[in-house]
Amino acid sequence: MKHLTITLFLLFTIIFSYGQKYTLSGHIKDSETGEELIGAAIFVERLNTGASTNVYGFYSLTLPKGEYTIRATYLGYDAYIKQIKLHENTNFDFRLSASSEKIEEVLVTGEKSDKNITDVEMSTTKLQMKVIEKIPALLGEVDLIKTIQLLPGVQNSGEGSTGFYVRGGGVDQNLVLLDEATVFNASHLGGLFSVFNSDAIKDVKLYKGGIPAEFGGRLSSVLDVRMNDGNQKQLSGSGGIGILSSRLTLEGPIIKDKTTFLVAGRRTYADIFFPLSNNYSVQNSIAYFYDLNLKINHTISDKDRIFVSGYFGKDVVAFGSDDVRFDYGNRTFTTRWNHLFSPKLFSNFSFIYSKYDYGIKTPPGVTQFEWTSYIENFSLKNHYTAYLLPDFTLKFGADATYHTFLPGKMENTSDEAVFNNLELPLSHAIESAVFAGAENKIGSRLKVQYGLRFSLFNNIGEGSMYEYNKTNPKEYTVADSLHFDKGEIFNTYYAFEPRFGINLTLNSSTSIKASYNRMAQYIHLASNTMSATPLDLWFPSSPNVKPQMADQIAAGLFKNFNDNAFETSVEVYYKWMNNMVDFRDHASLLGNPRVEGELRFGEGKAYGAEFLVKKPVGKFTGWISYTWSRTLRNIPDIYDGWYPASYDKPHDVSVVLSYQLYPRLNVSANWIYSSGAPRTMPAGRFEYGNLRLPLYTTRNGIRLPDYHRADLSVTFEGKNYDKPKKRFHSSWNLSVYNIYDRHNAYSVSFVEDKNNPEIYNAEKLYLFSILPSLTWNFNF
Amino acid sequence: MNRLIKYITHIIILLTAIALFSACTEIIDVELDENATNLLVVDAKITNRDTFHYARINRSISYFEEQAVPPELNAKVTISGGNKTYNLLDVDNDGVYVSELKFAGEIDVPYTLSITTADGKTFTAENTIKAVPPIDSVTYEYSNIILPFDREYRYYIFLHMQEPEGLGNYYLWNLYKNGELYTDTLDEQQFIFDENIDGNYLSYVNIFVLDDNEIEADNTEMILEMASISKTEYDFRISALFEAVWNQGLFQGPPANVTTNLSDGAVGFFSAQAIVSDTLVVRLKQ
């Protein structure tokens, strides 16, 4: 790899030295906090060309010698215009001030970008925390994943849940990254809240299609979440007190303009009140979750920066003095080093650690045991971006990840234990990839993005596996068991994953885009339930489990109106998925050493059309999206023929509106409608052992009632809202979830009638009635 | 294994109960596919005890149909194995077919249940009785501290026995109170397989828990019955409990038909069991 790097580096040097051209590079930052802005645009007016900042806020633009008017813009910030004489390589940091949208006359200067028209990128949404924070939230807990569920092409996995499905892909087919580290289970409280503390998050980007070559490992989407770097100028903080949890974030310089830190914590506190209960079991319960985000970044020089960040979160439910316990959580740790080899060659080296685990301790006695399970990985990444010409950018790099899976370990805690200790063998795998991708402009109207990712997956010993006799598709039997020595590579898969995107700009407000991508997924999630449970069991591809593959094509028409005040788009997509993983009927997944024998494979297809109208800036902002889509599966060993996936909801509407009624008062509302999710429901019944047992004739053949709901939130700013000199700002947020009290069915069960045991009724479970909440937020 | 699932289910329910203090249920109208199947349903059993053996045979109906399941009449029912065939007759015309004679099934002999319905269709099922190890003793304790969730007094019934070495034993436990089957619904009956207990001495293993009010009189006679069951019966019971009990509400998994060992589209199960038991006298509130 190093060899290749040097060769390419020399090649660029040769290209760069050709002609009288110089490079303007630097960062685009928030003037107040020094926080780098991701995806901010710079534009050279005379040449009608530009660039945008990468995830580290870095930009680089190579131009002929001359004098230019450069405009730096970012949504929600005032544009910064600078005259630059370019007669040598120049480093310049743009510092943008947040536009005070609340004051009407400044409105016009808020960025109205045509980025959505000019970028090749499609099927991608970038969200700013400012937008997310205004959206009405369940129990006042601002949640970026729930905002993502309001975007076209994204479905939720049930009421209040943070599981999401992108264009027909499963929950486990989303790559969720926090500062580049994989978050395996992004949920708290069994899925009701996500692990992302909004105060610590800078930027969120969701890729539904046209996924760039630098990402891989999941079939359907990438959710790239970036943490704040920390205020470079002064110690500042933010936080909030809500009915479910409280938050506090502190950030500031350790060495001004050089080293910053950020510490953000969040914890629920319902359990503090448990001892006041007069119910024994509540009194003796423990139940909470917490999140802790830490980050330090240090600027060594203009050319070198180091970032260290971590996330620690846990959910705990326990009884008595830890007699019975259930906990789960994620840990991530990322160290990154940005290095500029030249103003045109940006590089990043990352070391990443990530772990998800859960534990269960059963009630005391001779049968007491503790159950643990985890997935852990270590990754190294080395990525380069070469800004070769203003119209040609090349990205390339390599990734390697070492996975360790502990499917389960059962340890007795009693001296007179009757259960044997059980340890399902650890399994190990290495997932690596090299990629290269380029973006260039051909003529004035055409932009293309193309790339190739080569991914490689090795199962590596020490490990063991079973071979199965598959003559009976309902139940496989073990044919042989194999053992592999430490370090032995016993299975290899690889895939070429081409990525392609094209943008044809018809005029300054209209473009047509198309994309194709192939994705490979080598690790899979076993889950018996349709909702997000914490009992996640991740397992690797192996000789028994082929990697999942997906091909997606998408095309779209993008048009802006009123000088970019309104953005509209229509996208259509079609996706084929192979080697989809499912489970035989009544599969036993937990504690089963032969879990691979429970798997069944098949194919999937998903297609749809997504419509979006968006107003990104102004007093009145928001979007309306409508998605029509279908998601179908065909797993021959489970069901004969194609059947709808459990999250196949053909119609999906989201309306998200926010209005700045007065300078201090913002009103936001959203309305969501989707077709009911399909479920398998009984056609007939029979009796056995005094139980009524169902008979099914179709899979996912009957839909739950349609889902719809409206939420409202009102944010009232404290009196210092327009006095930037006063450090302390506060606001009150009143959110009302499900304002017209719709009892949306979460699931349907069939229960005996209370008065007549001969009669059975369909009974829906609904999670939330109308649910108001009040949160007090502050920052200083 | 069903205990593990039970604990986990219990914990998840507690977890979500805390999370979802506002969750409620409501009766709704659901239009089911009412082209319901009219399948033959069989509940039959052969044991190693010298007794009358029975087969309860009826039909499945539409899910919401407000009636009892119709008995299957005029079928020809036999159990055969070890060169012997026993006829089972529906004397009361209620779909319950009882063997003409008392007989005891033999260990390790494959038995076939055969049912020919009045319209001439034949359905069969096969099963084999496996040996069951002896119980050393059954004891109980009246306590309010064994389960940590509350401080209610309950009767905890414990089993003591040697689990024989060698994987592949499946056990079923039933409880009789004053001579009558007390665990008369499928979900009250306990069952386990020996993967995690193979060859161990099982001491103070809690099989059943009775609430304080379930023992009404002093010196109540309880019988703990232990049966060996086949793997197919274990799988059948797991799948039945999934569909009828565990797979409800919040963590619903993909439903699927309950397994069976009957052929030709019939449902239900033909069970084969070797049985041992031990008697226990329970004192009121002590």
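Our structure's up above, just so we're on the same page.
The structure contained in this document is the topic of the report that follows. (Residues numbered from 1 in each chain as written. Chains lettered and ligands numbered in written order. Predicted model: local features only at pLDDT ≥ 70, side-chain atom pairs only at ≥ 80, totals over all residues. Heavy atoms only, no water.)

1. Things to note about the overall build of chain B
- Of the regular secondary structure elements, chain B holds 2 helices and 17 strands.
- Counting over 286 residues, chain B shows a buried share of 52%.
- Within chain B, counting contacts between residues at least 6 apart in sequence, those at least 24 apart form 66% of the total.
- Approximately 12,500 Å² of chain B is accessible, and the part contributed by carbon and sulfur atoms is 50%. (Helix = DSSP H or I, 4+ residues; strand = E, 2+ residues; numbered from the N terminus. Buried < 20%, exposed > 50% of the residue type's maximum accessible area, 1.4 Å probe, protein only. Contact = heavy atoms within 4.5 Å. Areas by Shrake-Rupley, 256 points an atom, 1.4 Å probe, with all protein chains shown as cover.)

2. Some points on the sheet that holds strand β2 (residues 41-44) of chain A
All names here are of chain A.
- Read from one edge of the open sheet, 4 strands run β3-β2-β5-β6, paired in antiparallel fashion. The sheet is open, and its two edges are formed by β3 (49-52) and β6 (80-86), each paired on a single side. Put simply, the sheet's adjacent strands are angled 25 degrees from each other on average, direction ignored.
- As judged from the 7 bridges shared by strand β5 (residues 66-73) and β6, these two strands associate in the antiparallel manner. Residue Thr-69 lies in a different strand from β6, and its bridge partner there is Gln-83. (Pairing = 2+ DSSP bridges. Axes fitted to C-alpha atoms, helices over the stretch in contact; angles between N-to-C directions.)

3. Side note on the pattern of salt bridges
Residues and elements named next belong to chain A.
- Inspection of every chain in the model, using the stated rule, returns 46 salt bridges over all chains.
- Where Lys-208 meets Glu-610, a salt bridge forms, and the shortest distance between an N and an O atom there is 3.0 Å. With a gap of 402 residues between them, Lys-208 in the loop between β16 (201-207) and β17 (221-227) and Glu-610 in strand β38 (residues 599-615) connect regions that are remote in the sequence.
- Residue class for Glu-610 comes out buried when judged on its relative accessible area of 2%.
- Across the salt bridge formed by Asp-648 and Arg-630, the nearest N and O atoms sit 3.0 Å from each other. Placement of Asp-648 in the loop between β40 (643-644) and β41 (651-662) and of Arg-630 in strand β39 (residues 620-634) is noted, with a sequence separation of 18 residues between them.
- The exposure class of Arg-630 is partly exposed, given its relative accessible area of 22%.
- Within this structure, Glu-35, Asp-179, Glu-180, Lys-202, Asp-224, Arg-226, Asp-229, Lys-295 and Arg-336 form a network of salt bridges that share partners. (Salt bridge = Lys/Arg side-chain N within 4 Å of Asp/Glu carboxyl O.)

4. Remarks on the interface of chain B and chain A
- If you look at the interface, chain B gives 82 residues, while chain A gives 76 residues.
- Each partner contributes to the roughly 7,700 Å² buried at the junction of chain B and chain A, and carbon and sulfur atoms together form 66% of this total.
- Put simply, chain B and chain A have 3 salt bridges between them.
- Elements with a minimum of two residues in the side of chain B that touches chain A: α1 (2-19), β1 (24-28), β2 (40-47), β4 (61-62), β15 (201-211), α2 (231-246) and β17 (267-282) of chain B.
- In terms of residues, the side of chain B that touches chain A owes the most to one element, α2(B), which gives 10 residues.
- In the side of chain B that touches chain A, the residues fall into 50 nonpolar, 17 polar and 15 charged.
- Across 2 bridges, strand β44 (residues 684-688) of chain A lies against β4(B) in antiparallel orientation. (Buried area = accessible area lost by both parts, 1.4 Å probe. Nonpolar A, V, L, I, M, F, W, Y, C, P; charged D, E, K, R; others polar.)

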